[in-house]
Structures are given as structure tokens and as C-alpha cells.
Amino acid sequence: MRLGLIALMALMIGAEPGPAMAQDCDVSGREGACGVALGYYRIRKPQGFGPHPTVVYLYGSTGNSRQAVESSPFIQAFTSRGYAVVIPIALDVEYADGADSGWHLRHERITNARDEIAFLEQVILDATRRHNIDPNRLLMSGQSRGGFLTWEIACHRPDMAQAFAPHAAGYLGPMPRRCSGPARMLHTHGRRDRIVPLDPDRPIVSGGARMTPLEDSLSILASTAGCDITPVTDRFEGYERKRWSGCASGANVEYLLHNGGHGYPGNWVGVVLDWFEKGGAQMPSTQPPANVGPVGGGTAVFRGVNQGGSAGGRFKRVPQ
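Here the residue numbers are simple positions, counted from 1 along each chain's written sequence. Since the coordinates come from a predicted model, pLDDT governs what is reported: local features require at least 70, and pairs of side-chain atoms require 80 or more to be given and counted, while whole-chain, interface and lining totals use all residues. Note that water and hydrogens are dropped before the side-chain values are worked out from all heavy atoms of the structure.

Here we look at the nonpolar core
Proteins that are soluble and globular tend to have nonpolar side chains buried together.
Argument step 1. As used in this record, nonpolar core signifies buried Ala, Val, Leu, Ile, Met, Phe, Trp, Tyr and Cys residues forming a set joined through side-chain atoms within 4.5 Å. Only protein chains enter the accessibility calculation, which uses a 1.4 Å probe. A residue is then buried if its area is under 20% of the maximum for its type, exposed if over 50%, and partly exposed in between. Within the largest apolar cluster, 79 residues are counted, with the highest numbers of intra-cluster contacts made by Phe78 and Leu139.
Argument step 2. Looking at which element gives the most residues to this core, the answer is helix H7 (residues 268-278), with 7 residues.
Argument step 3. Those residues within four positions of Leu139 in sequence are excluded, and the remaining contacts are Thr54, Val55, Val56, Ala163, Phe164, Ala165, Val272, Leu273, Trp275 and Phe276. The way it works is that DSSP assigns letters per residue, a run of H or I at least four long becomes a helix, a run of E at least two long becomes a strand, and they are numbered from the N terminus. By definition in these notes, contact holds between two residues if any of their heavy atoms fall within 4.5 Å.

Written out as C-alpha cells, the structure is:
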């Protein structure tokens, strides 16, 4: 466990629990949510006492943690491999075009915004203490807006997890020319994604910020990790892969492109866990089944360049 997390855990253990932290954490039922000082999370665990390798999953805008945790095939794909799944709960945010659930991103100017990094640190520490997850075998993943936050953490706090696997997202806003440190990244995206399209003529804009072109973002991660400038491209059934080799020890940057849209390919979980466990050395040559939908409810409908974007305002701290 990182030193900063150890220090924060010591503070949390020594402090009197606040109202959220004192909440009963019965995860056996469908409604069970665990509370920390800055919010709530849900968890599903595999059999056995642990410590469990863990996926922290950040769902997309308009998503819902109850729907995510009840997505049985998605959750079981992780737990059957021995992984716990932690689903932090996004706060409601008042966008320009109505209320929605979402994560606060760095570029947004939102009054009383939650510090998402601090919240996720609390969630990881609480789940380590209460549910015996293994913080040294932690994979962070996100879909759509949850993937945007995953990208931010991979760049600015790569020490927060051992690897990152966002899908259908990117770095929203201007990405720095160098990240805080090397990271392990496996990004997947669909050629036919209409929500977060790859087409440079249809750039994503949200909250007035434009998404950094995906391959530029990957190149920045690769450069930070000391990888070779030019990625190696290869193909296997259903995927095109770009892989930056020569990276610093422990770092790995790969990009998988599939023929689907905004949803996950059906074998996405297995592909990602194989990559995580094998250090990204090889990927399985398997044909992804048809796309499954986004997990957790819905996705953000991001506006085009001339149609504005989501603008922030009021947050609610309510389990959902």
C-alpha cells in the first residue's frame, strides 16, 4: 500500500466516524451501500476471505450504482475470477440541461464540488479494512464519464491503482504534456461509438472542454513511461491493438479498437483481467461477441462543439 494511503488510513481509524461512516454496511442485500465521509459505495465479493484482487468500477453519466451492482453477468465475470468489484457512487450534479449523475472532472468549474480523488481514496481504504480487498492488486476501470475520471487518475495519480482500463472515454480537457508518473493503461474503444466518437470531425465537448484526441493522450502516457515513440500494431480476431514497447519497469500502454459502439464487447472483462494478470505481455486471440450495453444504467450524451456541454452546479449526497 502506498505511504499516502497508509497515513490516511491511520487518520481514519483514529477518528470518530461521521454519519456516513457509521452507516450500516450490509452488502448482502440489493440495497446495501457502505458509507465513508465523502459518500457511499457498493461492493460485490467473490467467495473466500481474501484479500481479494479488486476492480474499482466508475460508471457513466446517467448511470446508477444499483443497476451496476445488479448487472449479474458483468459482476460475475469478475467475481468468478476471484475479484471483488467496488462501485463508488457518483453524486447528482445539476447540468445545464437537467439533473444527472456524474463525476467531477478537473476542468469543470462546479460550486461545492466533491474532491473525487479524496473520495476514492476513502473508498479504497474503507473497503480494505471492512472487506479485505487487496490494495496492491487494484485495477481501476470506467465507462464513458467514469472513463474520463479514470483517465485523469491515470495521469495525475497513477499511484492510486496498479493499472487502469477505461472504455469509451479519454482525457476530457487539455491533457498536460507529461503526467505525474508512469502508468499501466489498457484503453478500449469502439469504431462505431457515437457517444464518444473517434472521428476528429466530431470532437467531444463537455463543460466547455474538448477531449484531447485519444492517440495524443496515449502518446503522452507512453512518453511519461519512457516507452518507444511509435507503437507496434498487430491484429487478432475482432481487435486491432496498438502497444507501446520499451516502457519503464511496471508501465504498459496498450490500445484495443473493436468494431462495436459505446458498449463493451462481450468478452471485455476476460480480456482486461488477462492483461492485468499477465502484465500486458500477451492478449488472448478470441472473437468478441456482440456488444453488451453500458453497465450501470445509461451514458452521458455529450454535446457537439456548437451545442455547448454539461455545466456544473449543485451536488446531492444521496446513495443511488
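Some words on the pattern of salt bridges
Argument step 1. The salt bridge definition used is simple: a Lys or Arg side-chain nitrogen within 4 Å of an Asp or Glu carboxyl oxygen. Going through the model one piece at a time under the given rule, you end up with 13 salt bridges.
Argument step 2. With a closest N to O distance of 2.9 Å, Arg114 and Glu116 form a salt bridge.
Argument step 3. Here Glu116 falls in the buried class, since its relative accessible area comes to 4%.
Argument step 4. Here Glu121 ties to Arg157 by a salt bridge, and the two come within 2.9 Å at their closest N and O atoms. Pair noted here: Glu121 is in helix H4 (residues 116-131) and Arg157 is in the loop between helix H5 (145-156) and strand E8 (163-167), with a separation of 36 residues, a long-range link.
Argument step 5. Taking relative accessible area as the criterion, Glu121 reaches 12% and is therefore assigned buried.

Here's the deal with the packing of aromatic side chains
Argument step 1. Pairing of aromatic rings covers Phe, Tyr and Trp, the last through its six-membered ring, and needs centres within 6.5 Å; plane angles under 30 degrees mean stacked, over 60 mean edge-to-face, and all others mean tilted. Counted under the stated rule, the structure contains 7 aromatic pairs.
Argument step 2. Consider the rings of Phe74 and Phe78, whose centres lie 5.3 Å apart with planes at 85 degrees: the pair is edge-to-face. Here Phe78 and Phe74 lie together in helix H3 (residues 72-79), a separation of 4 residues that amounts to about one turn.
Argument step 3. Every member of this aromatic cluster is reached through a ring pair, and the members are Tyr57, Phe74, Phe78, Tyr264 and Trp268.
Argument step 4. By the criterion adopted, a ring carries a charge over it if an Arg CZ or a Lys NZ lies within 6 Å of its centre and within 35 degrees of its normal. Over the face of the ring belonging to Phe119 we find Arg114, whose NZ or CZ atom lies 3.7 Å from the ring centre.
Argument step 5. A cation over a ring is seen here: Arg184 above Trp275, with NZ or CZ 4.5 Å from the ring centre.

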